[in-house]
Amino acid sequence: MNANKIDHIGIAVNSVEESSIFYRDVLGLEFLGVEEVPSQKVKVAMFKIGESKIELLEPTSPDSSIAVFLEKKGEGMHHIAYSVTDASGAVTELIEKEVRMIDKEPRPGAGGSKIAFIHPKASGRVLTELCEH
Ligand code: ZN
């Protein structure tokens, strides 16, 4: 599958504005921008840390999976994302290996990326994202 680095760590938050204060002003991470990702019903703020990023996720709709997560667990770490060169090839490979997938094919993610999630039951309950830029 050729995952080559941690692309980002996704963190569920109630408000990207409020949570940005910690990452920008306390940790001093470089702020890369905010965007809405309609396919995931979230507003996303990105911070750069070395070759990786921190992704803050705020729901934009009550039926967003992030809204459901916040209701059940509150704010906190949501997923880990691995960078891959070919998301669609990686998904095909995992399906062939009978790995349970949330996404049977990549969908649009933040920053024009293609993303696909592995089901947490297949990854030791760590929600895992594949991310191609
Ligand atoms: Zn992500």
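What you are looking at is a predicted structure, and each value in this text was computed from that prediction instead of being measured.

Student: Account for the sheet that holds strand β7 (residues 114–118), naming residues and giving values.
Tutor: One open sheet accounts for eight strands, arranged β2-β3-β4-β1-β5-β8-β7-β6; its pairing is mixed. What marks the edges here is a single partner per strand, and that holds for β2 (30–37) and β6 (107–108). Sheet analysis places strand β3 (residues 42–49) next to strand β4 (residues 52–59), joined by eight bridges and oriented antiparallel. Its bridge partner being in β4, Met-46 is matched across the sheet by Glu-55. Where helix α1 (residues 16–26) meets the sheet, it contacts β1 (5–12), β3 and β4, and its direction lies at approximately 5° from that of β3.

Student: Outline the coordination of the zinc ion, supporting the account with residue identities and numerical values.
Tutor: Around the zinc ion, the protein contributes the donor atoms His-8 (NE2), Glu-55 (OE), His-79 (NE2) and Glu-129 (OE), at 2.0 to 2.3 Å from the metal centre. Spacing between the donor residues of the zinc ion along their common chain follows H-x46-E-x23-H-x49-E. Placement of Glu-55 in strand β4 and of Glu-129 in strand β8 (residues 128–132) is noted, with a sequence separation of 74 residues between them. The pair formed by Glu-55 and Glu-129 is uniform in burial state, with each residue classed as buried.

Student: Outline the pairing of β3, listing residues and values.
Tutor: Counting buried positions along β3 gives six out of eight residues, so the element sits mostly inside the fold. Two strands pair when backbone bridges link them, and β2 and β3 are joined in this way by seven bridges, in the antiparallel orientation. Looking across to β3, one finds that Glu-30 is bridged to Lys-48. Hairpin connection from β2 to β3: four residues lie between these consecutive antiparallel strands, with Lys-41 at a positive phi of about 50°. The antiparallel hairpin formed by β3 and β4 contains two residues in its connecting segment, where Gly-50 sits at a positive phi of about 60°.

Student: Outline the packing of aromatic side chains, listing residues and values.
Tutor: The geometry of an aromatic ring pair is captured by two quantities: the separation of the ring centres and the angle between the planes. Within this structure, the stated rule accounts for three aromatic pairs. The interplanar angle of 90° and the centroid separation of 5.1 Å between the aromatic rings of Phe-22 and Tyr-23 together place this pair among those described as edge-to-face. Residue Phe-22 is classed as partly exposed on the basis of its relative accessible area, which comes to 41%. The exposure class assigned to Tyr-23 is buried, which follows from its relative accessible area of 13%. Consider the rings of Phe-31 and Phe-47, whose centres lie 5.4 Å apart with planes at 55°: the pair is tilted. Linking Phe-31 in strand β2 with Phe-47 in strand β3, this pair joins segments that are 16 residues apart in sequence. Classification of Phe-31 by relative accessible area gives partly exposed; the value is 39%. Residue Phe-47 is classed as buried on the basis of its relative accessible area of 0%.

Student: I'd love a proper account of the environment of Val-84, names of residues and values included.
Tutor: Within the fold, Val-84 resides in the loop between β5 (76–83) and α3 (87–96). By relative accessible area, which is 3% here, Val-84 ends up buried. When the C-alpha atoms of Val-84 and His-133 are compared, they prove to be 8.1 Å apart, with 49 residues separating the residues in sequence. Every residue in contact with Val-84, bar those within four places of it in the chain, is listed here: Met-1, Asn-2, Ala-3, Leu-130, Cys-131 and Glu-132.

Cut-offs applied
- Residues numbered from 1 in each chain as written.
- Predicted model: local features only at pLDDT ≥ 70, side-chain atom pairs only at ≥ 80, totals over all residues.
- Heavy atoms only, no water.
- Pairing = 2+ DSSP bridges.
- Helix = DSSP H or I, 4+ residues; strand = E, 2+ residues; numbered from the N terminus.
- Contact = heavy atoms within 4.5 Å.
- Axes fitted to C-alpha atoms, helices over the stretch in contact; angles between N-to-C directions.
- Donors = N, O, S within 2.8 Å, 3.2 Å for Na, K, Ca; no water.
- Buried < 20%, exposed > 50% of the residue type's maximum accessible area, 1.4 Å probe, protein only.
- Phe/Tyr/Trp six-rings, centres within 6.5 Å; stacked < 30°, edge-to-face > 60°.

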